Amino acid sequence: MPDDSPPPNGSHLPTIAVDAMGGDHAPAQVVEGAITAMSSRGMSVVLTGRPSLLRPLLGTRPLGGDIRVVPAEDSISMAEGALASWRRPRSSVAVACQLVRRGQAAAVVSAGSTAGIVATARLRLRSLPGLLRPGLAVVLPTGPNPTLLVDAGAIADPKPEMMLQFAQLGVAYAQVAFGVEDPRVGLLTIGAEPMKGNKLARRAHELLTASPHGGLPIRFAGNIEGSDLLTGKVDVVVTDGFTGNVALKTIEGAGSFASEQVRAVFQGSRAARFGALFQRRALRELAGRMDAETYGGAALLGLEGTVVIAHGGSTAKGIASACRLAADLARGHITERIRERLGPSHRGGHFLRRP
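Residues numbered from 1 in each chain as written. Predicted model: local features only at pLDDT ≥ 70, side-chain atom pairs only at ≥ 80, totals over all residues. Heavy atoms only, no water.

Sorry, what's going on with the overall build of the protein here?
Scanning the protein from N- to C-terminus turns up 12 helices and 11 strands. Looking at the protein as a whole, 52% of its 355 residues qualify as buried. Sequence separation of at least 24 residues holds for 73% of the intrachain contacts in the protein that already meet a minimum separation of 6. As presented, the protein carries roughly 16,100 Å² of accessible surface, and 55% of it is formed by carbon and sulfur atoms. (Helix = DSSP H or I, 4+ residues; strand = E, 2+ residues; numbered from the N terminus. Buried < 20%, exposed > 50% of the residue type's maximum accessible area, 1.4 Å probe, protein only. Contact = heavy atoms within 4.5 Å. Areas by Shrake-Rupley, 256 points an atom, 1.4 Å probe, with all protein chains shown as cover.)

Just checking my understanding: could you explain the pairing of strand E2 (residues 44-49) for this structure?
A regular strand places its side chains so that they alternate between the two faces of the sheet. Of all six residues in E2, six are buried; the element is thus mostly enclosed. The side-chain alternation of E2 yields two buried faces, one formed by Ser44, Val46 and Thr48 and the other by Val45, Leu47 and Gly49. Taken together, the five bridges between strand E1 (residues 15-19) and E2 define a ladder with parallel strand orientation. By the bridge assignment for E2, Val18 is matched with Leu47. What joins E1 to E2 is helix H1 (residues 28-38), and the crossover it makes is right-handed. (Pairing = 2+ DSSP bridges. Right-handed = clockwise from strand over helix to strand, strands pointing away.)

For this particular structure, what's the right way to read the nonpolar core?
Nonpolar side chains tend to gather and get buried jointly when the protein is soluble and globular. Residues Leu47 and Tyr173 are the most contacted members of the largest nonpolar core, which totals 102 residues. Ranked by residue count, the leading element in this core is helix H6 (residues 160-178), at 11 residues. Tyr173 has contacts with Ala137, Val139, Leu148, Phe178, Ala299, Leu301, Leu325, Leu329 and Ile334, leaving out every residue within four places of it along the chain. (Core = buried A, V, L, I, M, F, W, Y, C linked by side-chain atoms within 4.5 Å.)

Mind showing me how you'd approach the environment of Leu54 here?
By the element assignment, Leu54 lies in helix H2 (residues 51-59). On the basis of relative accessible area, Leu54 is assigned to the buried category, the value being 0%. As a C-alpha pair, Leu54 and Pro27 span 27 residues in sequence and 7.1 Å in three-dimensional space. Leu54 has contacts with Ala20, Met21, Pro27, Val31, Leu47, Thr48, Gly49 and Val69, leaving out every residue within four places of it along the chain.

How do you make sense of the pattern of salt bridges when you look at a structure like this?
Pairing between side chains becomes possible if they bear opposite charge and their charged atoms approach one another. Per the stated rule, a full pass over the model turns up 10 salt bridges. Here Asp235 ties to Arg184 by a salt bridge, and the two come within 3.1 Å at their closest N and O atoms. Pair noted here: Asp235 is in the loop between strand E8 (219-224) and strand E9 (236-238) and Arg184 is in strand E7 (residues 184-188), with a separation of 51 residues, a long-range link. The partner of Asp328 in a salt bridge is Arg331, with the nearest N and O atoms 2.7 Å apart. Taken together, the residues span about one helical turn, with Asp328 and Arg331 both in helix H11 (residues 316-331) at a distance of three residues. (Salt bridge = Lys/Arg side-chain N within 4 Å of Asp/Glu carboxyl O.)

Looking at this model, I keep getting lost on the sheet that holds E1. Mind explaining?
Read across the open sheet, the 11 strands follow the order E3-E2-E1-E4-E11-E10-E5-E6-E9-E7-E8; overall the sheet is mixed. Looking at strand neighbours, the two that pair on one side only are strand E3 (68-71) and E8, the edges of this open sheet. Across the sheet, the axes of successive neighbouring strands diverge by a mean angle of 25°, strand direction being ignored. Pairing geometry for strand E4 (residues 107-110) and strand E11 (residues 306-309), over four bridges, is parallel. (Axes fitted to C-alpha atoms, helices over the stretch in contact; angles between N-to-C directions.)

Honestly, a nonpolar patch on the surface in this entry has me stumped. Any pointers?
On the surface, a cluster of nonpolar side chains totalling about 370 Å² of accessible area is made up of Leu83, Trp86 and Leu123. Tracing the backbone shows Leu123 in helix H5 (residues 114-124). (Patch = residues over 30% accessible without salt bridge, like charges linked within 9 Å, V, L, I, M, F, W, Y side chains within 5 Å.)

Quick question: what am I supposed to make of the packing of aromatic side chains here?
In this description, an aromatic ring pair is defined by two values, namely the gap between the centres and the angle between the planes. Scanning the entire structure with this criterion turns up one aromatic pair. Judged by centre distance (5.8 Å) and plane angle (70°), the rings of Tyr173 and Phe178 are edge-to-face. For Phe178, a relative accessible area of 23% gives the class partly exposed. (Phe/Tyr/Trp six-rings, centres within 6.5 Å; stacked < 30°, edge-to-face > 60°.)

I tried to follow the packing of H1 against H11 on my own but got confused; where do I start?
Working note: a packed helix pair is described by the angle between its axes plus the distance between those axes. It is the contact of H1 with H11, at a shortest axis distance of 7 Å, that shows an interaxial angle of 45°. Our classification of the angle between H1 and H11 gives oblique. The two elements H1 and H11 cross, and the hand of that crossing is right-handed. In contact with Gln29, Val30, Glu32, Gly33, Ala34, Thr36 and Ala37 of H1, H11 contributes Ala316, Ile319, Ala320, Cys323 and Arg324. Looking at the contact of H1 with H11 residue by residue, the classes come out as seven nonpolar, three polar and two charged. (Parallel < 35°, antiparallel > 145°, perpendicular 65-115°, else oblique. Left-handed = near helix turned anticlockwise from the far one by under 90°. Nonpolar A, V, L, I, M, F, W, Y, C, P; charged D, E, K, R; others polar.)

So what exactly am I meant to see when it comes to the side chain of Ser75 here?
Within the fold, Ser75 resides in the loop between E3 and helix H3 (84-87). The class for Ser75 is buried, based on a relative accessible area of 18%. In contact with Ser75, not counting residues within four places along its chain, are Met21, Arg50, Glu80, Arg88, Ser91 and Ser92.

Below you can see the structure in the form of structure tokens.
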């Protein structure tokens with residue numbers, strides 16, 4: 001029987017605290033995905049959840065005995081929102097966040113309710129000094145290199161100064177995860193001209209164009225439109241959480257529609273099916289690029305600890321990808337990189353004040 005106390009985070013391998021009770025297919029798919037991720041030997045894994053459910057699942061897997069369980073009898077359901085963070089202080093995701101706060105894990109992975117995870121993480125993990133609000137970063141399936149979208153739903157109605165900080169969060173992520181030394185940043189709005197958009201977009205454009213205001217310089221490429229999201233025109237797309245979430249869901253829906261149409265075309269006739277045999281490799285590559293589970297989920301950036309939110313319907317493949325992403329960000333010291341980019345640790349340091 002595994003020891004229930006998590007290992008110290010002083011080893012060379014990052015420890016990932018996985019919320020085993022979050023997601024539509026928890027805990028079975030979560031346990032399987034965690035074992036798959038750990039089999040690469042690039043991390044260690046701690047599961048938080050109900051031991052009575054997790055230990056039997058671990059006992060049926062070859063590497064199950066190497067995964068520790070930290071008890072958490074409560075959990076946040078997929079239907080619950082931000083208030084669940086107060087109603088369920090001992091939920092499985094709250095316990096996972098607490099492990100990171102104590103230094104016993106480097107990152108949290110959960111496929112539970114996004115609103116519940118964001119609220120719990122903000123409650124349990126302190127924001128970095130000088131940060132106004134954390135941002136949710138999602139990778140878009142662009143080519144040849146991926147594009148990052150910030151914010152994808154953490155803050156629906158931000159201040160312009162928060163969007164300036166979203167750019168800093170995105171730049172740090174692109175440097176760590178994509179290896180882009182000087183990422184290009186674009187502001188999502190309704191036109192390429194500087195004065196296009198609502199008051200929020202115009203003010204954000206003004207801040208992004210001006211001096212760093214205490215943070216490191218940003219390579220601002222100007223405004224982009226929705227049609228530019230998948231063209232790879234920029235490396236980081238900055239927007240408010242409401243617009244970002246709508247854009248993300250639109251891309252996901254369009255991708256599913258296109259996949260169904262392509263499948264229907266190749267199954268339409270005998271000649272089409274025969275031709276599809278010669279395109280199997282290309283079709284597999286396209287399907288892999290469009291598969292949301294390949295990218296590991298969204299990263300909540302700006303807290304004293306890494307939090308990766310996998311898709312609620314994630315299978316073992318999606319959980320494993322989320323764990324790998326969390327481990328990569330932890331190894332790349334994403335928190336320290338963001339702290340450097342934000343500059344002086346005083347609240348309001350990024351406000352551009354007018355006379």
